[in-house]
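Listed here are the chains, written in short residue letters.
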Amino acid sequence: MTRAGSSCRRVTRPAKVTGGLTYDEGPNRNDEVWSSCSQCGYAPSGVAYERREEDSRISGNDLLEAILENSNVSRAWKRVKANKGSAGVDGISINDFPTLFGKLWPDLRKSLEQGAYTPSPVLRVEIDKPDGGKRQLGIPIVLDRLIQQSIAQIIGPLFDPWFSESSFGFRPKRSAKQAVTKISEIIQMGRRIAVDLDLSKFFDRVNHDVLMVRVARKVQDKRVLALIGKYLRAGVQVEGRLQRTKDGVPQGGPLSPLLANIVLDDLDKELERRGHHFARYADDFVILVKSQRAGDRVMTSIQRFLETKLKLKVNQEKSQVVKASQLEFLGFAFKGKRIVWSAKSLHSFNYRIHKLTSRSWGVSMKWRLKKLAQYMRGWMGYYGISHTYKVVLRLDSWIRRRLRCCYWKQWKTISNRIRNLMKLGIGRRNAILHGVSGKGCWVMSKTPVINEALSSDWLSNRGLLSLKTLWIHIHYPTTVR
């Protein structure tokens with residue numbers, strides 16, 4: 001195995017048992033294999049694997065050897081480390097893992113080759129969904145994340161070239177934005193009725209037998225099939241109690257997105273066989289047809305296919321046949337030829353900005369502007385394809401006004417307000433008139449004097465990003481230097 005980077009901080013901890021193996025305490029020289037590497041780069045996108053030419057030629061009964069090859073495992077570790085993430089049921093973090101695991105690799109490899117390795121249960125956690133519900137995630141231990149990533153890197157290239165061109169989720173060089181653009185293009189072709197089918201708790205309801213039959217179409221190594229089966233049946237730990245998993249692919253592991261695509265590839269092929277125009281991102285997919293009657297017919301037949309062939313359940317309440325102008329897909333809506341933010345996405349953005357610019361948040365303005373910039377940059381990185389320039393201008397103005405409120409409240413006393421206004425170039429008379437004013441922050445933030453003192457340029461120099469600049473850079477990249 002090649003060295004992954006510079007040597008990491010050595011950690012001394014008591015022995016722990018996880019994944020059927022014991023982590024010895026204290027450092028050892030073999031931990032160089034799992035050294036920290038500050039130069040490792042990885043943009044998480046579900047299953048992240050490199051489609052190397054040599055990988056695509058691996059088949060038959062030698063898959064496990066390719067998965068356990070030192071170079072493949074080292075590459076997998078770089079990805080797992082860069083992806084970060086919380087500790088699993090064993091409590092071992094990404095930082096602690098290299099030192100604790102280093103000298104166990106020979107025994108672990110032997111255990112995997114003999115089929116004796118038993119994965120640990122995943123830690124069940126819940127996160128908030130944009131619509132107010134809860135999404136259940138499973139956090140595998142770091143060791144199992146490493147093994148799953150190693151598997152995904154080898155078997156991924158066996159499946160991905162055969163996936164549908166209309167499948168965009170968790171695939172190399174494909175993204176949700178491409179799926180949204182594809183839907184917009186289909187609408188402009190004249191297909192203005194959308195069949196929007198919602199799969200109820202898809203990741204929790206994937207049938208193991210249905211999945212493994214499809215995995216076995218290209219994975220012939222029975223040892224790899226058995227290992228994947230063990231991960232499916234590893235169970236989950238909820239509030240300290242172990243629960244068996246008869247169905248489902250826990251969200252959170254590196255292998256789960258690839259397995260989801262393998263299951264739903266049958267859906268893609270069926271839609272293509274029928275000549276439908278569609279786009280799918282993970283378990284979110286939309287089919288576009290020309291009439292309401294055709295939409296109702298497609299809804300019924302595809303629902304029957306999903307429930308009988310793939311053993312999945314369709315959420316009747318959320319599934320619908322609607323005009324394309326009423327469709328919401330991956331956070332976007334479609335207005336004629338324009339892609340725009342959905343009402344829910346814009347509401348979510350406003351709510352988050354409101355939190356970050358709350359006057360009751362007791363943090364420094366420097367920290368506030370830093371967190372605000374991080375959120376705005378990430379949000380526009382995804383939603384920036386929206387053709388909503390006028391809305392961007394309004395949002396920019398609103399954010400600046402809220403920050404002026406924060407500064408005004410932070411200055412607190414009359415003397416501080418007068419002094420700060422004068423420092424910012426406001427004449428003594430106007431500084432006093434505004435400093436002694438008893439009007440609220442929101443009213444004061446609209447006055448010409450406050451706008452002149454806390455100008456757009458002044459806020460920008462202190463770290464405030466401009467949504468307008470970010471939007472223009474996405475739509476007209478050559479015009480922004």
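Below: a short report on this structure. Bear in mind that the values here come from a model prediction, so they are computed numbers and not experimental data. (Residues numbered from 1 in each chain as written. Predicted model: local features only at pLDDT ≥ 70, side-chain atom pairs only at ≥ 80, totals over all residues. Heavy atoms only, no water.)

1. Observations regarding the sheet that holds strand β11 (residues 328-329)
Then, in step 1: With antiparallel pairing, three strands are arranged side by side in an open sheet as β11-β12-β13. At either margin of the open sheet sits one strand with a lone partner, and together these are β11 and β13 (338-341).
Then, in step 2: The pairing of β11 with strand β12 (residues 332-335) spans two bridges and is classified as antiparallel. In the sheet register, phenylalanine 329 faces β12, and the bridge partner there is phenylalanine 332.
Then, in step 3: Lying over the sheet, helix α7 (residues 176-188) contacts β11, β12 and β13, oriented at roughly 20° with respect to β12. (Pairing = 2+ DSSP bridges. Helix = DSSP H or I, 4+ residues; strand = E, 2+ residues; numbered from the N terminus. Contact = heavy atoms within 4.5 Å. Axes fitted to C-alpha atoms, helices over the stretch in contact; angles between N-to-C directions.)

2. Focus on the pattern of salt bridges
Then, in step 1: Under the defined criterion, the tally for this structure stands at 11 salt bridges.
Then, in step 2: Here glutamate 113 makes a salt bridge to arginine 109, at a shortest N to O gap of 3.4 Å. Of this pair, glutamate 113 and arginine 109 both sit in helix α5 (residues 105-113), four residues apart, which is roughly one turn of the helix.
Then, in step 3: Arginine 109 gets classed as partly exposed once you look at its relative accessible area, which sits at 23%.
Then, in step 4: Among the salt bridges present, the one from aspartate 265 reaches lysine 269, with a minimum N-O distance of 2.7 Å. Here aspartate 265 pairs with lysine 269, and both are found in helix α11 (residues 256-273), just four residues apart, close to one helical turn. (Salt bridge = Lys/Arg side-chain N within 4 Å of Asp/Glu carboxyl O. Buried < 20%, exposed > 50% of the residue type's maximum accessible area, 1.4 Å probe, protein only.)

3. Topic: the side chain of threonine 357
Then, in step 1: For threonine 357, the position within the fold is in the loop between α13 (343-356) and α14 (365-383).
Then, in step 2: Polar contacts involving the side chain of threonine 357 include one to the side chain of arginine 402, which spans 2.5 Å. (Polar contact = N/O pair within 3.5 Å; in protein donor to acceptor, adjacent residues only side chain to side chain.)

4. Quick look at empty space enclosed by the protein
Then, in step 1: Applying the stated rule across the entire model yields two cavities of 30 Å³ or more.
Then, in step 2: There is about 130 Å³ of room inside the largest cavity.
Then, in step 3: Around the largest cavity sit 17 residues that line it, and Gln148, Tyr231, Leu232, Pro250 and Ser256 are the ones nearest its centre.
Then, in step 4: Sorting the residues of the lining of the largest cavity by element identifies α6 (142-159), α10 (222-232) and α11 as the ones contributing at least two each.
Then, in step 5: Residue contributions to the lining of the largest cavity peak at three residues, all from α10. (1 Å grid on protein atoms, 1.4 Å probe; cavity = no way out; pocket = protein on both sides within 12 Å on 5 of 7 lines; lining within 4 Å. Points joined across faces, edges and corners; volume = space filled by probe spheres on them.)

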